[in-house]
Amino acid sequence: MSDNPMNPWQPLFQNVQKFSICIQTHLFKFIDHHSHHPSPPKENPLFSLHSSTSSKVSPINHGSTVVHAPDSLSNNKEKATAPVTKEELGRATWTFLHTLAAQYPEKPTRQQKKDVKELMAILTRMYPCKECADHFKEVLRANPVQAGSHAEFSRWLCHAHNVVNRSLGKLVVPCERVDARWGKMDCEHRACDLQGTTTSFGD
Ligand SMILES: Cc1cc2nc3c(=O)[nH]c(=O)nc-3n(C[C@H](O)[C@H](O)[C@H](O)COP(=O)(O)OP(=O)(O)OC[C@H]3O[C@@H](n4cnc5c(N)ncnc54)[C@H](O)[C@@H]3O)c2cc1C
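The protein is annotated in an unreviewed UniProt entry as Sulfhydryl oxidase of Tripterygium wilfordii. UniProt annotates the protein under Cofactor (unreviewed entry) with the comment "FAD". Per UniProt, the protein has the following entry under Catalytic activity (unreviewed entry): "2 R'C(R)SH + O2 = R'C(R)S-S(R)CR' + H2O2".

Put into structure tokens, the structure is as follows:
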């Protein structure tokens, strides 16, 4: 396709590309925060959707829309497709879970309480490390999920994480200080906060 100004798909491609850059900026912010990575690329997104071709990118898919990847990525397939380790997966999952706990409302709805319990149960069935999933099932059996409030759920999760830590010979974390380690996501106008009930009846 060429850069035809009359192309009716052009606004869509531009929006998708803006979205892609936005996601990558937040992703890089996160990585930067944790590993002092250099600042995010501003004009060279990991993937870009164009209605035209460029000499600096290689198409990796053909069709009505061409998806381009930077040469550095398309020439280095091994790196791009390298599987994550059990440790990397574990760190990413704990980050997700503790961040969820940090944002879990003080007064969760009945549905939110049900959802976190279900989420933990799903981990015991679908976590992509069977040994870990089986182990977590035992952890949950001995320590049923407590999700009546933010404080209760974040302490419970910290305790469950410590049970896993102990079994792996790792240091345990004092759970009364868990809020100092994990906070809410840094979103403008608290746009990432989960909403809970403002009243205490009904649960
Ligand atoms: C549900 C689940 C079950 C797992 N089961 C197994 C298993 O059976 N066998 C196995 O080999 N691996 C398992 N893992 C992976 C393992 O727990 C670690 O994630 C992995 O070994 C990497 O450890 P890490 O030392 O980098 O820190 P992680 O344990 O991944 O912790 C990440 C960060 O969380 C913080 N943290 C540590 N403990 C706590 C706590 N109690 N409360 C709050 N924050 C804390 C620390 O800052 C730490 O750097 C499991 C992971 C998950 C999510």
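Resuming the write-up.
Glancing now at the packing of aromatic side chains. Summed over all chains, the structure comprises three aromatic pairs. Ring centres of Trp-94 and Phe-136 lie 6.3 Å apart, and the angle between their planes is 80°; on these two criteria the pair is classed as edge-to-face. With Trp-94 in helix 4 (residues 86-103) and Phe-136 in helix 6 (residues 130-142), this residue pair connects regions lying 42 residues apart in the sequence. Accessibility assignment for this pair places Trp-94 and Phe-136 in one class, buried. Between Tyr-104 and Phe-153 the ring centres are 5.0 Å apart and the planes differ by 50°, which places this aromatic pair in the tilted class. With Tyr-104 in the loop between helix 4 and helix 5 (110-126) and Phe-153 in helix 7 (residues 150-167), this residue pair connects regions lying 49 residues apart in the sequence.

Glancing now at the nonpolar core. Core analysis: the biggest nonpolar cluster contains 22 residues, and Met-120, Phe-136, Val-145, Phe-153 and Trp-156 have the highest contact counts within it. Mapped by element, the contributors of at least two residues to this core are helix 4, helix 5, helix 6 and helix 7. Setting aside residues up to four positions removed in sequence, Met-120 forms contacts with Leu-97, Phe-136, Leu-140, Val-145, Phe-153 and Trp-156.

Rules used throughout
- Residues numbered from 1 in each chain as written.
- Predicted model: local features only at pLDDT ≥ 70, side-chain atom pairs only at ≥ 80, totals over all residues.
- Heavy atoms only, no water.
- UniProt positions renumbered as here; feature names shortened; annotations may be inferred.
- Phe/Tyr/Trp six-rings, centres within 6.5 Å; stacked < 30°, edge-to-face > 60°.
- Helix = DSSP H or I, 4+ residues; strand = E, 2+ residues; numbered from the N terminus.
- Buried < 20%, exposed > 50% of the residue type's maximum accessible area, 1.4 Å probe, protein only.
- Core = buried A, V, L, I, M, F, W, Y, C linked by side-chain atoms within 4.5 Å.
- Contact = heavy atoms within 4.5 Å.

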